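Residue-level structural notes
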Amino acid sequence: MIKKIIGFYREGFAGMKLGKTLWLVVIVKLVVIFVVLKLLFFPDIINRRAGGDKAGYVSTQILERVEK
């Protein structure tokens, strides 16, 4: 059954002309969007501020926020 499913999709993608291009565009756009979002909106603050002791930094931050 799995071979039939794989064969079905293989034949479907092999017959596409415009679809392959559209899928390529979609995949490239997703990769670009996630890379840009990662770099601009989700900076690696822990590595910058922790100085090597990530666990210690995170526990300190959590304890400070709980005490407030």
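Refer to the structure presented above.
Attention in this report is confined to the structure presented alongside it. (Residues numbered from 1 in each chain as written. Predicted model: local features only at pLDDT ≥ 70, side-chain atom pairs only at ≥ 80, totals over all residues. Heavy atoms only, no water.)

**Side note on the overall build of the protein chain**
- Scanning the protein chain for helices and strands turns up 4 helices and 0 strands.
- With respect to the principal axes defined by its C-alpha atoms, the protein chain has extents near 60 × 30 × 25 Å.
- Among the 68 residues that make up the protein chain, the fraction classed as buried is 7%.
- Counting every atom, the protein chain has about 6,600 Å² of accessible surface; 71% of that belongs to carbon and sulfur. (Helix = DSSP H or I, 4+ residues; strand = E, 2+ residues; numbered from the N terminus. Buried < 20%, exposed > 50% of the residue type's maximum accessible area, 1.4 Å probe, protein only. Areas by Shrake-Rupley, 256 points an atom, 1.4 Å probe, with all protein chains shown as cover.)

**A word on the packing of aromatic side chains**
- Under the defined criterion, the tally for this structure stands at 1 aromatic pair.
- When the centroid spacing of 5.4 Å and the interplanar angle of 80 degrees are considered together, the rings of F8 and Y9 count as edge-to-face.
- In this structure Y9 comes out as partly exposed when scored by relative accessible area, which is 49%. (Phe/Tyr/Trp six-rings, centres within 6.5 Å; stacked < 30°, edge-to-face > 60°.)

**Some remarks on helix α1 (residues 2–14)**
- Here α1 spans 18 Å end to end across 13 residues, near enough to the 18 Å set by a 1.5 Å rise per residue.
- Of all 13 residues in α1, 1 are buried, a share of ten percent or less. (Expected span 1.5 Å × (residues − 1).)

**Focus: the environment of R10**
- Assignment of secondary structure puts R10 in helix α1.
- Sequence separation between R10 and I45 is 35 residues, and the spatial gap between their C-alpha atoms is 43 Å.

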